[in-house]
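Remarks on the overall topology
One-letter residues, chain by chain:
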Amino acid sequence: MRRFLRSGHDPARERLKRDLFQFNKTVEHGFPHQPSALGFSPCLCILAIGTRSGAVKLYGAPGVEFMGLHRENNAVVQIHFLPGQCQLITLLDDNSLHLWSLKVKGGVSELQEEESFTLRGPPGAAPSATQVTVVLPHSSRELLYLGTESGSVFAVQLPAFRVLDNRTISSDAVLQRLPEEARHRRVFEMVEALQEHPRDPNRILIGYSRGLLVLWDLQAGCVLDHFLSSQQLENVCWQRDGRLIVSCHSDGSYCQWPVSGDTQHPEPLPSCVPYGPFPCKAITKIFWLTTRKGLPFTIFQGGMPRASFGDRHCISVAHDGQQTAFDFTSRVIDFTVLAEADPAAAFDDPYALVVLAEEELVVIDLRAAGWPLVPPPYLASLHCSAITCSHHVSNIPLKLWERIIAAGSRQNAHFSSMEWPIDGGTSLAPAPPQRDLLLTGHEDGSVRFWDASGVCLRLLYRLSTVRVFLTDTDPSGSLHAQGEDEWPPLRKVGSFDPYSDDPRLGIQKIFLCKYSGYLAVAGTAGQVLVLELNDEEAQQVVEQVEADLLQDQEGYRWKGHERLCARPGPVHFEPGFQPFVLVQCQPPAVVTSLALHSEWRLVAFGTSHGFGLFDHQQRRQVFVKCTLHPGDQLALEGPLSRVKSLKKSLRQSFRRMRRSRVSSRKRQPPGLPGEGQEAGAKVERAGLQNMELAPVQRKIEARSAEDSFTGFVRTLYFADTYLRDSSRHCPSLWAGTNGGTVYAFSLRVPPAERRMDEPVRAEQAKEIQLMHRAPVVGIVVLDGRSVPLPEPLEVAHDLSKSPDMQGSHQLLVVSEEQFKVFTLPKVSAKLKLKLTALEGSRVRRVSVAHFGSCRAEGYGEHHLAVLTNLGDIQVVSLPLLKPQVRYSCIRREDVSGIASCVFTKYGQGFYLISPSEFERFSLSTKWLVEPRCLVALAENKKHRPHRNGAGPEKALGRARNSGGQSDGEERRPGPVMEHALLNDERVLKEIQSTLEGGRGSYGDWHSRRVAVGYSLTNGGAE
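The rules behind each value
Residues numbered from 1 in each chain as written. Predicted model: local features only at pLDDT ≥ 70, side-chain atom pairs only at ≥ 80, totals over all residues. Heavy atoms only, no water. Buried < 20%, exposed > 50% of the residue type's maximum accessible area, 1.4 Å probe, protein only. Helix = DSSP H or I, 4+ residues; strand = E, 2+ residues; numbered from the N terminus. Arc of directions from axis to C-beta. Phe/Tyr/Trp six-rings, centres within 6.5 Å; stacked < 30°, edge-to-face > 60°. Pairing = 2+ DSSP bridges. Axes fitted to C-alpha atoms, helices over the stretch in contact; angles between N-to-C directions. Core = buried A, V, L, I, M, F, W, Y, C linked by side-chain atoms within 4.5 Å. Contact = heavy atoms within 4.5 Å. Expected span 1.5 Å × (residues − 1). Polar contact = N/O pair within 3.5 Å; in protein donor to acceptor, adjacent residues only side chain to side chain.

1. Comments concerning helix α1 (residues 11-20)
- Regarding α1, the residues found buried are Lys17, Asp19 and Leu20. On an axial view of α1, the arc spanned by its buried residues comes to 160°, and they lie on one face.

2. Thoughts on the packing of aromatic side chains
- According to the stated counting rule, one finds 25 aromatic pairs in the structure shown.
- Where Tyr275 meets Trp487, the ring centres are 5.5 Å apart and the plane angle is 50°; that geometry is what we call tilted. Placement of Tyr275 in the loop between β20 (254-258) and β21 (283-289) and of Trp487 in the loop between β32 (458-464) and β33 (490-493) is noted, with a sequence separation of 212 residues between them.
- Relative to Phe577, the ring of Phe449 has its centre 5.3 Å away and its plane inclined at 15°; by these criteria the two rings are stacked. Taken as a pair, Phe449 in strand β31 (residues 446-451) and Phe577 in strand β40 (residues 576-586) lie far apart in primary sequence, 128 residues in all. Here Phe449 and Phe577 have matching classes, each one buried.

3. Things to note about the sheet that holds strand β46 (residues 730-737)
- The strand order across the open sheet built from four strands is β45-β46-β47-β48, with neighbouring strands paired in antiparallel fashion. Lying at the two open borders of the sheet, with one neighbouring strand each, are β45 (713-721) and β48 (761-769). With direction set aside, neighbouring strand axes in the sheet form an average angle of 20°.
- Where strand β47 (residues 741-748) and β48 come together, eight bridges link them in antiparallel fashion. Bridged to Tyr743 within β48 is Glu767.

4. Details of the nonpolar core
- Core analysis: the largest hydrophobic core is formed by 34 residues, its most contacted members being Trp734, Leu811, Leu812, Phe819 and Leu864.
- Mapped onto this core, the elements with two or more residues apiece are β45, β46, β47, β49 (776-782), β50 (810-815), β51 (818-823), β53 (843-852) and β54 (860-868).
- Looking at this core element by element, the count peaks at six residues for β49.
- With residues near it in sequence (within four places) discarded, Leu812 still touches Gly778, Ile779, Val780, Phe819, Lys820, Val821, Leu864, Leu878 and Leu881.
- Formed by 33 residues, the second largest nonpolar core is a distinct cluster that contains Ile404, Ala407, Leu439 and Val571.

5. Some words on helix α4 (residues 398-411)
- The first and last C-alpha atoms of α4 sit 20 Å apart over 14 residues, in line with the 20 Å expected at 1.5 Å per residue.
- Taken residue by residue, α4 has Leu400, Trp401, Ile404, Ala407 and Gly408 as its buried positions. On an axial view of α4, the arc spanned by its buried residues comes to 130°, and they lie on one face.

6. Digging into the side chain of Ser394
- For Ser394, the position within the fold is in the loop between β28 (387-393) and α4.
- A polar side-chain atom of Ser394 sits 3.4 Å from a polar atom in the side chain of His392.

7. A word on the pairing of strand β43 (residues 610-615)
- When you tally the buried positions in β43, you get six out of six residues, the bulk of the element.
- The side-chain alternation of β43 yields two buried faces, one formed by Gly610, Gly612 and Phe614 and the other by Phe611, Leu613 and Asp615.
- Taken together, the five bridges between strand β42 (residues 602-606) and β43 define a ladder with antiparallel strand orientation. Bridge pairing in β43 places Leu602 opposite Asp615.
- Hairpin connection between β42 and β43: a loop of three residues separates the two successive antiparallel strands.
- Sheet topology places β43 next to strand β44 (residues 620-626); six bridges connect them, and they run antiparallel. Considered in β44, the bridge of Leu613 is made with Phe623.
- Connecting β43 to the next strand, β44, in antiparallel fashion are four residues, including Arg619 with a positive phi near 60°.

8. Here's the deal with the pairing of β50
- With six of six residues buried, β50 lies mostly within the body of the structure.
- Of the two faces of β50, the one lined by Gln810, Leu812 and Val814 and the one lined by Leu811, Val813 and Ser815 are each fully buried.
- Where β49 lies against β50, six bridges are found, and the strand directions are antiparallel. Within the sheet, the bridge partner assigned to Leu782 lies in β50 and is Gln810.
- Where β50 and β51 come together, five bridges link them in antiparallel fashion. In the strand pairing of β51, Val813 is matched with Lys820.

Below is the structure:
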């Protein structure tokens, strides 16, 4: 009866919990999902990106970021910064306009929505009369000119959004002021372009879709000049001195129109079709930029030959006899050119081209020879190949950090040395306290190393495993290779490449030892590679060893994909991580678990058929263990061919229903109802009076071996502990399966002097079967002080205390349904916490984390961070298994977000909110760097084009918190990007297709209304 009693309320412990735990959603890493608009402020040097889900994000110098969410989840169509101000206008697809301001509060800037407005026409007017197509913020900073589908241009006063009817430029007013020869054509439809005269703010250029250009005098209300084209108009631009207008058209041509100051009407220059004479697609946007050398830059989007290259997404740059068509792998949303910001300057002198594509942001250096790309310090295209797994490593040693950066810098030799040109704002936050790595595995067989220390997720190094195998692609082939005489002069740019040559190359598990530099990666086709960091390039043979996990089984036949064929002979590897041994599992099923012990030079791997141990120092297999159950026929089909029949699913459902009825009848007590129970009830009532009871626990039904892949190996764990007797400890390997079985093997690792002479030996010492047969998702051994054992080589590097080997050790086994502590070496049950019985939830992720106090320096506790299938995150104490706090983090319908979650060693975590974005959160009060930044106007800001490096990454903004209910202290919720994506069911499906193990319905994404006026919050480092 006592196990149902709750402990009393301890005020001191509650205060300590407030010092240890606090939940914050801190920052989104990666590229915004489904971008729809681009804006840039030359005076602030700030870039803005809008999305289809109604989010607007601002980026400046590395670490300067802001985010706002519109109340409506409508797509952002256009973004325009107001000249010379810390304000911007957004136009949504519902025809509403919104005014945003960067305001300074408490020494930091915040992005707030000030006003919203929808242009309304007179009663009975057609919707097209006020459907906004073009927005022009006037240099007076007080007016906004709106072009519409009806051909009218409305003037709106800022900041109140008041329509000035007396300044409206209607199509009828323009028609009356045109010469007679221009009135007879249907030149008025919608307004395609509005441009202010670069030298005279009282003149604006109005471009209509039928090809008419009108230069309008705002003060006199008259037409100063007009230009008539025979082709449909797409866009226009001014030459900087106001003497030339360049228009682009639907037939792939652009035309130059000289502008004179007198009444004489100059003749237009001949139109140019850059990629003619065959029919071409429309040029949708064009820049004509002057330089001090006298030869202008012509930069335009589209215009490619329709028949041969009509499906390409191109932006062409022509200057001084050189022309290149930059070919993007995803649709171009918009682009802009960074040039001289001072409007009084005589020349544009462009220095960078910024292109927003659907899946990435690309910046091109226009001053360096060959126009190379500038490496981005943020807005990384995480999903350049679909993310399949992730692995976080905290507190990287400086030596390893520098070696990884050095290897990555060699890969970036073709990039420009220009400093990141979007450098507005100032970060006020200190540098991150430590160096953290986030490793992502991808569908194309690559592993990317990201600097996850602060707000900016920056790519450090890219590892490809394709060279080890024979595939259809040539690893030495260049993406950018092109013939000199090819026309159009196409050049592939960008890193987004969603197509995998072979799905078997996909990376499923990653394990990095930060002390030794050893890396283990495992893939979809049963391949396990062990790699070592090498600072020099090498030509070496990758030794191959086969691990037959079905060696003692008969009658099984693998129905899935074939193994990958290793490349014979020596293989050339670049500096960085280089593979030296390949372990090939047979059958070649997906590797489901991986563990590396760099001190013992051992790597353990598991699949749905069993697990094995490999000695990578002697290059020999130690043992394999088959965990396949006779009923696990599905385990032999493989993930690429697994189709569960409807008949079998129905049959299993009926069996579960039948077992449930039978078990419920068995639980009914014999005899008459109530007989023999009254006496016991009286005793219980007497003992439980005036006592607080714990929640009633529901019985956990035991699972049948037929219900799932019981042999599926979920977790592997190395430990030096007492396994056979309490007198001596020994190395051991622990494995947990989907059927609730835990295997323990004692290992004999020879001493260092005889390590290469004597083999590593293993012997099974224990086998634990959990009664409820729930999948085992975590195994941890606690030392005599009830502290988790340190990582391999952590004590040798003086970064951790030596484990207590005097007291008795304990084994913690975490299943999907409960936590259970056993004593070692007897393996007798000591404590347990039935999570499913109490909460109705199942454990999906579990990790040991250290939580430091924000008040008492040096004080900290080790606890379990737990993520459930309901999207809740809980902290459970060690070793008493007492729940500490609980927070709502991920929506329960977001199966893929839950499946992608990874915890860090110091109480932080990452999960995918879209295929291209990680949401970062923190559970700790200490390991949260509160970001802060300031954006102020800078007059005539000059660009410094050739300073190396992008500067240190720093965090900024204000802390953003989840609005979910929690047991801990709560703060005001902020505009998390996840909320802006909740209406898009495709986001779930895209992530679901790349992650393993995500099952269940996608559910509906429901938007949560977020009040305007919140700042972007960015996250801390560990």
